[in-house]
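Residues per chain, in single letters:
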Amino acid sequence: MTLLRLTVKKKSSEAGKGALNNKISTELFKLLEANGIPTHFVKMLDDNHMLHTKVDVILIEVIVRNIATGSLSRNLGIEDGTVLPFTLVEFDYKNDALGDPKLNDQHCLILELVEYQDELDKLRRMARQINDILKPYFAQKGLNLVDFKLEFGKDNNGNIILIDEISPDNCRFWDIESGEKMDKDRFRQGLGGLTVAYEQVLNRILGK
Ligand code: CDP
């Protein structure tokens, strides 16, 4: 067992975000576990710490997209807000020095990020299962799950499990009624009100 301190890659000056992310992640990991997705989550220890099982991290960021925005719209010219005809799953290389480039399956195997094609198929399958749980869950709470990033690792038995965190830092949530952004894009786009939006996401999850 190791301690995970939830931190943000791009620092925002707004206080309390780490604790909100920890609470949101905790609720979502519990939801996913209850629906048969194996995760590294053990328990929330305090506001900023989560206990999780130790894994070998797979250096692939799995991006799941329901609606086009961000780099997908920029790179491929798909109009921002277009509902995709099916859920898109992409792989990015988890490598800051290289700027997290896109990967295809052959890249993943050449770089030995996994051993077998089967493991890539499993990552895609798990990502779709997670989306099938989270998308209707958030829709019920008035939020469109636009896109999100997942990370995976291998536990002691070599099983692939979900790791990292699931929070408005790595998911895009748009209010279904107003279209308002309720995630890290508020910071990226200088919209302000980041912590308030994260609090609202947590309150909707908790049914408050
Ligand atoms: O932020 P940008 O538009 O460049 O990235 P994206 O590829 O459109 O991001 C897709 C989704 O993955 C968004 O929900 C991001 O928050 C998330 N993401 C992340 O959390 N960390 C990364 N290194 C890359 C993407």
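Residues numbered from 1 in each chain as written. Predicted model: local features only at pLDDT ≥ 70, side-chain atom pairs only at ≥ 80, totals over all residues. Heavy atoms only, no water.

Caption draft 1: Seen up close, the pairing of strand E10 (residues 171–175). Among the five residues in E10, five count as buried, and that is most of the element. On E10, burial covers both faces: Cys171, Phe173 and Asp175 on one face and Arg172 and Trp174 on the other are all buried. Pairing of strand E8 (residues 143–154) with E10 involves five bridges; the strand directions are antiparallel. Its bridge partner lying in E10, Leu143 is registered against Asp175. (Buried < 20%, exposed > 50% of the residue type's maximum accessible area, 1.4 Å probe, protein only. Helix = DSSP H or I, 4+ residues; strand = E, 2+ residues; numbered from the N terminus. Pairing = 2+ DSSP bridges.)

Caption draft 2: Expanded view of the nonpolar core. The biggest cluster of nonpolar side chains holds 45 residues, and the ones touching the most others in it are Ile60, Leu150 and Phe152. Counting only elements with at least two residues in this core, the list comes to helix H1 (17–34), strand E5 (60–67), strand E6 (83–93), helix H4 (117–140), E8, strand E9 (160–163), E10 and helix H6 (194–205). Considering each element in turn, this core owes the most residues, nine residues, to H4. (Core = buried A, V, L, I, M, F, W, Y, C linked by side-chain atoms within 4.5 Å.)

Caption draft 3: The arrangement of the side chain of Asn131 in detail. Checked against the element boundaries, Asn131 lands in helix H4. Look at Asn131 and you get buried, because its relative accessible area is 2%. At 2.9 Å, the side chain of Asn131 and the side chain of Asn66 are in polar contact. Aside from chain neighbours lying at most four places away, what touches Asn131 is Val64, Asn66, Thr87, Pro136, Leu145 and Phe148. (Polar contact = N/O pair within 3.5 Å; in protein donor to acceptor, adjacent residues only side chain to side chain. Contact = heavy atoms within 4.5 Å.)

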